[in-house]
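Summary of the model geometry
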Amino acid sequence: ETGVTQTPRHLVMGMTNKKSLKCEQHLGHNAMYWYKQSAKKPLELMFVYSLEERVENNSVPSRFSPECPNSSHLFLHLHTLQPEDSALYLCASSQVLYTEAFFGQGTRLTVV
Amino acid sequence: KNEVEQSPQNLTAQEGEFITINCSYSVGISALHWLQQHPGGGIVSLFMLSSGKKKHGRLIATINIQEKHSSLHITASHPRDSAVYICAVRSYLMYSGGGADGLTFGKGTHLIIQP
């Protein structure tokens, strides 16, 4: 248990669906991150938030939309995804931007 | 862009064996992380180091800045050590390339420890 909780753990969605991934941390961290892990590929950084403001959007398609309503919660809203978006989506947080991060268990997303 | 290479990609060993996983990178870094990812997907940070050596239980991580190389060692390996071990480096901003935060990940080493 790292203190970072992601829900749901597994998600299957159709290409026309809209769904959201949730990440929650009560570690008092100020920075939160979304990562994507595709099969046989290294982790890819998607979004970075610091003090609830988006710091970086690493060239992610607009069908992925992040939201950070407060420093403890981070969402990733999904709409009109493609099958190649199927992957493990990991949330992480760190006390200060770009320092050692604590990861959640991930959401295994399958787009059909 | 910093390139991170891990070896081996896959490793199967018997319980009790001494395990070494290697990580090499191409340009200067400010820190190197070793992460452990279990089959369920969750990732745990094992070490963050910028020089020398760190030890935690049966795990030891070393880094040689001049040679741009780090190793993760597991002593008295156990089946519960079976996981993917990922090396990630934090580059100086001028070399950051891929990751917006200057963090570049290796592809991971898949370790299986058999009883």
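Heads up: the structure comes first, above all this text.
This brings us to unusual backbone geometry. Look at the link from T7 of chain A to P8 of chain A: it is a cis peptide, with omega at -10°. Position of P8 of chain A among the secondary structure elements: in the loop between strand 1 (4–7) and strand 2 (10–13). The omega torsion across S7 of chain B and P8 of chain B is -5°, close enough to zero to call that bond cis. As for its placement among the helices and strands, P8 of chain B is situated in the loop between strand 1 (4–7) and strand 2 (10–14). The residue K40 of chain A is not glycine, and still its phi comes out positive at about 65°. Summarising the element assignment, K40 of chain A is placed in the loop between strand 4 (31–37) and strand 5 (44–50). Judged by its relative accessible area of 78%, K40 of chain A falls in the exposed class. One non-glycine residue, A76 of chain B, lies in positive phi territory at about 45°. Assignment of secondary structure puts A76 of chain B in the loop between strand 8 (69–74) and strand 9 (83–91). According to the relative accessible area criterion, A76 of chain B is partly exposed, its value standing at 47%.

What follows concerns the pattern of salt bridges. Where charged atoms from two side chains of opposite charge come close, those side chains can pair. Residue and element names in this part refer to chain A. As enumerated under the stated definition, the model contains three salt bridges over all chains in all. Here R63 makes a salt bridge to D85, at a shortest N to O gap of 2.7 Å. Here R63, found in the loop between strand 6 (53–57) and strand 7 (64–70), pairs with D85, found in the loop between strand 8 (73–79) and strand 9 (87–94); they are 22 residues apart in sequence, far enough to count as distant. Accessibility expressed as a relative area gives 2% for D85, which makes it buried.

Rules used throughout
- Residues numbered from 1 in each chain as written.
- Chains lettered and ligands numbered in written order.
- Predicted model: local features only at pLDDT ≥ 70, side-chain atom pairs only at ≥ 80, totals over all residues.
- Heavy atoms only, no water.
- Helix = DSSP H or I, 4+ residues; strand = E, 2+ residues; numbered from the N terminus.
- Buried < 20%, exposed > 50% of the residue type's maximum accessible area, 1.4 Å probe, protein only.
- Salt bridge = Lys/Arg side-chain N within 4 Å of Asp/Glu carboxyl O.

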